[in-house]
Amino acid sequence: MTSDIKRRDVLQMLAFGVASGALMVHATPVLAQTSDSVTIGWPSDVPSWDPNQRFTPDAQPIYKMVFDQPLDQSPTLEIIPSLVTKWELAADGLSMPIELRDDVFFHNGDKMTMEDFRYSFFERIKAGHKLDTANSWRHVSDIEILSPTKGVMRFSSPAPTAPQWLTFLGSYIVPKKYMESIGPDAFREKPIGTGPYKLVEHQLNSRIVLERNEAYWGPKPKMRRVTFDIIKDPSARIAAIQSGQVDLVTSVPVREVERLQKDPNLAAEINPFTRVILLQVRNDLGFSDSNVRLAAHYAIDKAALSKAFYGGAAVPLSVVATPGTAAYLKDFKFDFDVEKAKALLAKSGFSVDKPAKIRFAATNGQFPSDYDIARALVQMWKKVGIEAELETIEYAKYFELNRGGKLPEATLYSFDNATGDPEIFAGYLLNPKMPFGTWKGMEIGEKVLALFSEPVYDKRIAGYRSLNQEAVEAGATIPLLQSVQTVVRKKNLNYVKYGNAWILANKMSWS
Amino acid sequence: MFATIAKLLMKRLIVAIPILLVVSALLFIILRILPVDPAAMSLPPNATLAEIEAKRLEMGLHLPLIQQYGIWLAQVLHGNFGTSIHFRRDVASLVMTTLPSTIELAVFAMLIASIIGIAGGLILFHVRGTRKEAGLDFGSILLLSLPEFLWSLFLILLFGVALEWLPFTGRLSPGVERPTITGFLLLDSLLAGKPAVFWNAVQHMLLPCFALGISFSPSIMRVLRSSLLDVYQDDYIHQARLRGLSERRILIRHGLKNAILPTLSLMGVQFGFLFGGTLLVEVIYSYPGMGNLMVDAIRNADLPIIQAVGLTYCIVVLVISIAVDSLYLILNPKLRVR
């Protein structure tokens, strides 16, 4: 007994469905590329359109399109003039006279002056605006205005990295008059800067559309329109570049880059940049013995980690600095040496049969292959006589656990420093008073604290070079690899490769 | 009928208040128990311990939990859901910006799930006892076992990458300007008289809606089929046959009309799940909805957003439940008599 829905009815329905579908999609979706526009598949959105508000490394290249920083960085990370044309840190590090360009206008036509500089780096902070820059510029005691283009930054304690910080996270000049007239909340809805592009549209977690600022003071960008498609899922980013819906994507898995390198229409690259992957270690518990710490370091085959998880592109590191930066030690190598690791452990009474026991924390998904690296480390340690109990932590919990002294003996961590300056590498990571460092030993701590007040650049760099080696030899830190940025783009899209992984649309062109 | 529905609405609204209170209290307490310090999360990583402590006092985190909940609830009742830790923006405005997109996605996905589910249920019923039954049964189980995020990736690969028929990121193509009137893009594009924008938005919604719709359709299919099997044991079906009615008329006018009631009930429940299922689908399709916002909030331990979105999900499920019950009353006169 069946109802009389016939096969023919079903087939008719199917045919209707297919015909409707074909009709709906008869127009092939608009592909991203046109001669003067570019669409970029970006992995995260900007948290706020107030560029002083949040320290989000991924958002900096987007902010740099709409806002300008007082100083800029070259692709090889040297500090270069931008809105600030002249700067000179005083010998005591307590003041820095600066000179601004005279030909810069905000997107609404207002001229940029020292008033705006003072507002961005001093007045807003004193007014209590909720800004992350309030922390980085907390030592600014005043900014004296000498003329519309000249002024002096004054600090309550030596600020040797003030020029570096003027190129770094959150340091953008915002328009005083405009922001005061509409308020910070409204500014976030309708932001203006002095940058090469104006914000046209922002759809939260989906799309950012920028249009060229025709009155830009600097070189005119070749791209008239720039669209950032916020594509958080790596598989979707790969699909987007493969289908031609976007022209460039970043942060795709390394194995996918290797596959896409075979696509004749795409260029896929793995670029090392200024982010270090390291083990943050404690100076107590199971790591109170320097033999165990050093053995843990000798037991790690960093080249194998790089090959297994980053296609061999991640440079093995012996110090907490990346190649090309000021305090990197080209000639210092900390070797992979299993026998040495075993000998050090034997000195302290440990062996494969009687292993030293430690706890070890790692994030899962915070940076590419983090948990896989952690598991590999556990295996490497096991071979020499260190038994590590691996636990997963959320990145958000790192600082809280560290403040409470609850992090284990070793924690796998990655640290981004677009400036490349050693203060923001070893200085931050080994400073016992800052929340990044797990090492609380004061022998090294005192040296770090002294370097924070050293205003003479050459002395400061020499100090960090020496500290970098000492910290590794003492087992106070275990640097592993220089992290990599993956970029996949259409072959005829040109971009400028920056040592700190900035992808800047104003430097792009089609060939 | 309307009096009965109004009575039901009143009853449900009264019940909804304690449910919302319990859910809000659970949400608040569970999130506070989590080992995450909202004060530290609100400040940049280089903040000092003193600054974090000051922030804790400012946020009232030193107060007893029940007192914190009381303060939060009072603020919520005044429409203040707090400020997002990550975005530093009013949470209510973030939720209101993203909710319309998620509602559009969920409604259209449910429509697709219903069409596929009901059509599939009828086909499954139609082939019962034949050789095709086993094959179609296997197919429906296969559909049931694939989660929506796998459908999302599969549809992207097929229609986005291989065939290049459909876009799969965001809501509109680059260069298409979005009209903003009500926040519901499809409605706004029609109100603004921009059919091209409407069409573009529909194209962008097809894949996420199908990914969700396909994954939620098999249970509708299977429940409808078994309801039809039950209904076909009833006497009135035999009587209808004796009256000489065609099988098609019996199925559509008599069988389906009664078998659809349990299916409708399931669809109400499914819609609640489907609303929750938008989280991953929105992330994969870069769809600017509340699910995408929630995933970000979880990643950043943005407690005010998690609380507000959690509460919004609860309200949506309650509203759907009331709507389904009302529909039940409309479709089943027997319930109105009671």
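Owing to the predicted nature of the structure, the values given are computational and were not obtained by experimental measurement.

## Some thoughts on the overall build of chain A
1) Next: Within chain A, the regular secondary structure consists of 16 helices and 18 strands.
2) Next: Its C-alpha atoms give chain A a radius of gyration of 26 Å, within 12% of the compact-globule value 24 Å for 511 residues.
3) Next: With the principal axes as the frame, chain A shows a C-alpha extent of 85 × 80 × 45 Å.
4) Next: Buried residues in chain A amount to 59% of all 511 residues.

## What about the overall build of chain B?
1) Next: Broken down by element type, chain B carries 14 helices and zero strands.
2) Next: When the helices and strands of chain B are listed from N to C terminus, the series reads α-α-α-α-α-α-α-α-α-α-α-α-α-α.
3) Next: When burial is assessed residue by residue, chain B has 51% of its 338 residues classed as buried.
4) Next: Of all intrachain contacts in chain B linking residues separated by at least 6 positions in sequence, the fraction that spans at least 24 positions is 72%.
5) Next: Within chain B, one finds 26 positive and 20 negative side-chain charges whose respective centroids are separated by 13 Å.

## As for the sheet that holds strand 5 (residues 95-100) of chain A
Residues and elements named next belong to chain A.
1) Next: Taken in spatial order, the four strands make up an open sheet running 4-5-7-6, and their pairing is antiparallel. The open sheet is flanked by strand 4 (84-87) and strand 6 (140-147), the only strands paired with a single partner. Each adjacent strand pair in this sheet contributes to an overall mean axis angle of 25 degrees, direction not counted.
2) Next: Pairing of strand 5 with strand 7 (residues 150-155) involves five bridges; the strand directions are antiparallel. Residue pairing in the sheet places Ser95 in a bridge with Arg154 of strand 7.

## Some points on the sheet that holds strand 9 (residues 207-212) of chain A
All names here are of chain A.
1) Next: The sheet built from ten strands is open, its strands ordered 8-9-10-1-11-16-12-15-13-14 with mixed pairing. Of all strands in the sheet, those with a lone pairing partner are strand 8 (197-203) and strand 14 (386-392), marking the two edges. Neighbour-to-neighbour, the strand axes of this sheet turn through a mean angle of 25 degrees, independent of strand direction.
2) Next: The pairing of strand 1 (residues 37-42) with strand 11 (residues 248-250) spans two bridges and is parallel. Note on strand 11: the bridge partner recorded for Gly41 is Val249.

## Topic: the packing of aromatic side chains
Both the distance between ring centres and the angle between the ring planes are used here to describe each pair of aromatic rings.
1) Next: By the definition in use, this model includes 32 aromatic pairs over all chains.
2) Next: Aromatic side chains Tyr398 of chain A and Phe399 of chain A sit 5.4 Å apart centroid to centroid with 90 degrees between the ring planes, which places their arrangement in the edge-to-face category.
3) Next: The class for Tyr398 of chain A is buried, based on a relative accessible area of 1%.
4) Next: Look at Tyr69 of chain B and Trp72 of chain B: their rings are 6.1 Å apart centre to centre, the planes differ by 35 degrees, and that puts the pair in the tilted class. Here Tyr69 of chain B and its partner Trp72 of chain B are both found in helix 4 (residues 65-77), three residues apart, which amounts to about one turn of the helix.
5) Next: Aromatic ring contacts, followed pair by pair, group Tyr395, Tyr398, Phe399, Tyr413, Phe415, Tyr428, Phe436 and Phe452 of chain A into a single cluster.
6) Next: Above the plane of the ring of Phe125 of chain B lies Arg128 of chain B, whose end atom (NZ or CZ) is 3.7 Å from the centre.

## Looking at the environment of Gln280 of chain A
Residues and elements named next belong to chain A.
1) Next: Within the fold, Gln280 resides in strand 12 (residues 266-281).
2) Next: Separated by 19 residues in sequence, Gln280 and Ala299 have C-alpha atoms that sit 16 Å apart.
3) Next: For Gln280, the contacting residues outside a window of four places in its chain are Tyr398, Glu409, Ala410, Thr411, Tyr413, Leu429, Phe436, Gly437, Thr438 and Thr477.
4) Next: A polar contact is formed between the side chain of Gln280 and the backbone oxygen of Phe436, at a distance of 2.8 Å.

## Describing the nonpolar core
1) Next: Counting residues in each nonpolar core, the largest one holds 229 residues, and the members touching the most others are Phe117, Trp381 and Leu412 of chain A.
2) Next: Sort the elements by how many residues they give to this core and helix 9 (residues 195-231) of chain B lands first, with twelve residues.
3) Next: The contacts of Phe117 of chain A, once residues within four sequence positions are left out, are Pro70, Val84, Ile98, Leu100, Ile143, Met153, Leu166 and Ile173 of chain A.

## Re the interface of chain A and chain B
Accessible area lost upon the coming together of the parts is a frequently used measure of interface size.
1) Next: On the side of chain B, 61 residues touch chain A, which itself brings 58 residues to the contact.
2) Next: Carbon and sulfur atoms make up 56% of the area that chain A and chain B hide from each other, which totals about 5400 Å².
3) Next: Across the contact surface, chain A and chain B share five salt bridges.
4) Next: Arg88 of chain B serves as the salt-bridge partner of Asp132 of chain A, at 3.1 Å between the closest nitrogen and oxygen.
5) Next: Our enumeration of links across chain A and chain B arrives at 20 residue pairs in polar contact (both at pLDDT 80 or more).
6) Next: Listed by contribution, the elements that provide at least two residues to the side of chain A that touches chain B are helix 1 (7-24), helix 4 (133-136), helix 6 (176-189), strand 8, strand 10 (225-230), helix 7 (234-242) and helix 13 (398-403) of chain A.

## Things to note about the confidence of the model for chain A
Residues and elements named next belong to chain A.
1) Next: Within chain A, residue pLDDT values average 92, and 93% of them lie at 70 or more.
2) Next: In this model residues 1-5 is a low-confidence stretch, pLDDT under 50, and it forms 14 contacts with partners more than four residues away in sequence or in other chains.
3) Next: Throughout residues 18-30 the model reports pLDDT below 50, and contacts reaching past four residues in sequence, or to other chains, amount to 16 contacts.

## Focus: the packing of helix 7 (residues 148-162) of chain B against helix 9 of chain B
Residue and element names in this part refer to chain B.
1) Next: Look at helix 7 against helix 9: their axes get within 8 Å of each other, and the N-to-C directions meet at 135 degrees. Considering their axes alone, helix 7 and helix 9 lie oblique with respect to each other. Here helix 7 runs over helix 9; the crossing is right-handed. In this structure, helix 7 contributes Glu148, Trp151, Ser152, Leu155, Ile156 and Phe159 to the contact, and helix 9 contributes Leu207, Phe210, Ala211, Leu212, Ile214, Ser215 and Phe216.
2) Next: Counted by class, the contact of helix 7 with helix 9 contains ten nonpolar, two polar and one charged residues.

## A closer look at the environment of Leu61 of chain B
Residues and elements named next belong to chain B.
1) Next: Counting through the fold element by element, Leu61 comes out in the loop between helix 3 (49-58) and helix 4.
2) Next: Separated by 22 residues in sequence, Leu61 and Ala39 place their C-alpha atoms 8.1 Å apart.
3) Next: In this structure Leu61 touches Arg32, Asp37, Pro38, Ala39, Arg56 and Gln68, once residues within four positions along its chain are discounted.

## Focus: unusual backbone geometry
Residue and element names in this part refer to chain A.
1) Next: Even without glycine at this site, Leu77 takes up a positive phi of about 80 degrees.
2) Next: As for its position among the elements, Leu77 is in the loop between strand 2 (71-73) and strand 3 (79-81).
3) Next: With phi around 65 degrees, Ser369 is a residue other than glycine that occupies positive phi space.
4) Next: Within the secondary structure layout, Ser369 lies in the loop between strand 13 (356-362) and helix 12 (370-384).

## Observations concerning the packing of helix 11 (residues 247-284) of chain B against helix 12 (residues 290-299) of chain B
Residue and element names in this part refer to chain B.
1) Next: It is at 7 Å that the axes of helix 11 and helix 12 come closest, and there the two elements cross at 75 degrees. Taken as axis vectors, helix 11 and helix 12 run roughly perpendicular relative to one another. Facing Phe275, Thr278, Leu279, Glu282 and Val283 of helix 11, the residues of helix 12 in contact are Met290, Gly291, Asn292, Met294 and Val295.
2) Next: When its residues are assigned to classes, the contact of helix 11 with helix 12 shows six nonpolar, three polar and one charged.

## Side note on the pairing of strand 1 of chain A
Regular strands place their side chains on alternate faces of the sheet.
Residues and elements named next belong to chain A.
1) Next: With six of six residues buried, strand 1 is to be regarded as a mostly interior element.
2) Next: On strand 1, burial covers both faces: Ser37, Thr39 and Gly41 on one face and Val38, Ile40 and Trp42 on the other are all buried.
3) Next: As paired strands, strand 1 and strand 10 are joined by six bridges and run parallel to one another. Within strand 10, the residue paired with Thr39 across the bridge is Thr227.

## Some words on the pairing of strand 9 of chain A
Residue and element names in this part refer to chain A.
1) Next: Among the six residues of strand 9, five are classified as buried, and the element is accordingly described as predominantly covered.
2) Next: Two elements, strand 8 and strand 9, share six bridges in a ladder whose sense is antiparallel. Bridging from a neighbouring strand, Leu199 pairs with Leu210 of strand 9.
3) Next: When strand 9 meets strand 10, the two strands line up antiparallel, connected through five bridges. Following the sheet pairing, Ile208 is matched in strand 10 by Phe228.

## Things to note about the pattern of salt bridges
Residues and elements named next belong to chain A.
1) Next: In total, this model carries 39 salt bridges over all chains according to the counting rule given.
2) Next: Across the pair Arg224 and Glu211 runs a salt bridge, and its minimum N-O distance is 3.6 Å. Taken together, the residues span a long stretch of sequence, with Arg224 in the loop between strand 9 and strand 10 and Glu211 in strand 9 at a distance of 13 residues.
3) Next: The residue Lys447 makes a salt bridge to Glu470 at a minimum N-O spacing of 2.8 Å. With Lys447 in helix 15 (residues 442-451) and Glu470 in helix 16 (residues 457-473), this residue pair connects regions lying 23 residues apart in the sequence.
4) Next: We classify Lys447 as partly exposed; its relative accessible area is 37%.

Cut-offs applied
- Residues numbered from 1 in each chain as written.
- Chains lettered and ligands numbered in written order.
- Predicted model: local features only at pLDDT ≥ 70, side-chain atom pairs only at ≥ 80, totals over all residues.
- Heavy atoms only, no water.
- Helix = DSSP H or I, 4+ residues; strand = E, 2+ residues; numbered from the N terminus.
- Rg over C-alpha atoms; globule rule 2.2 N^0.38 Å.
- Buried < 20%, exposed > 50% of the residue type's maximum accessible area, 1.4 Å probe, protein only.
- Contact = heavy atoms within 4.5 Å.
- Lys, Arg positive; Asp, Glu negative; His and termini not counted.
- Charge placed at Lys NZ, Arg CZ, Asp CG, Glu CD.
- Pairing = 2+ DSSP bridges.
- Axes fitted to C-alpha atoms, helices over the stretch in contact; angles between N-to-C directions.
- Phe/Tyr/Trp six-rings, centres within 6.5 Å; stacked < 30°, edge-to-face > 60°.
- Lys NZ or Arg CZ within 6 Å of the ring centre and 35° of its normal.
- Polar contact = N/O pair within 3.5 Å; in protein donor to acceptor, adjacent residues only side chain to side chain.
- Core = buried A, V, L, I, M, F, W, Y, C linked by side-chain atoms within 4.5 Å.
- Buried area = accessible area lost by both parts, 1.4 Å probe.
- Salt bridge = Lys/Arg side-chain N within 4 Å of Asp/Glu carboxyl O.
- pLDDT = per-residue confidence, 0-100.
- Parallel < 35°, antiparallel > 145°, perpendicular 65-115°, else oblique.
- Left-handed = near helix turned anticlockwise from the far one by under 90°.
- Nonpolar A, V, L, I, M, F, W, Y, C, P; charged D, E, K, R; others polar.

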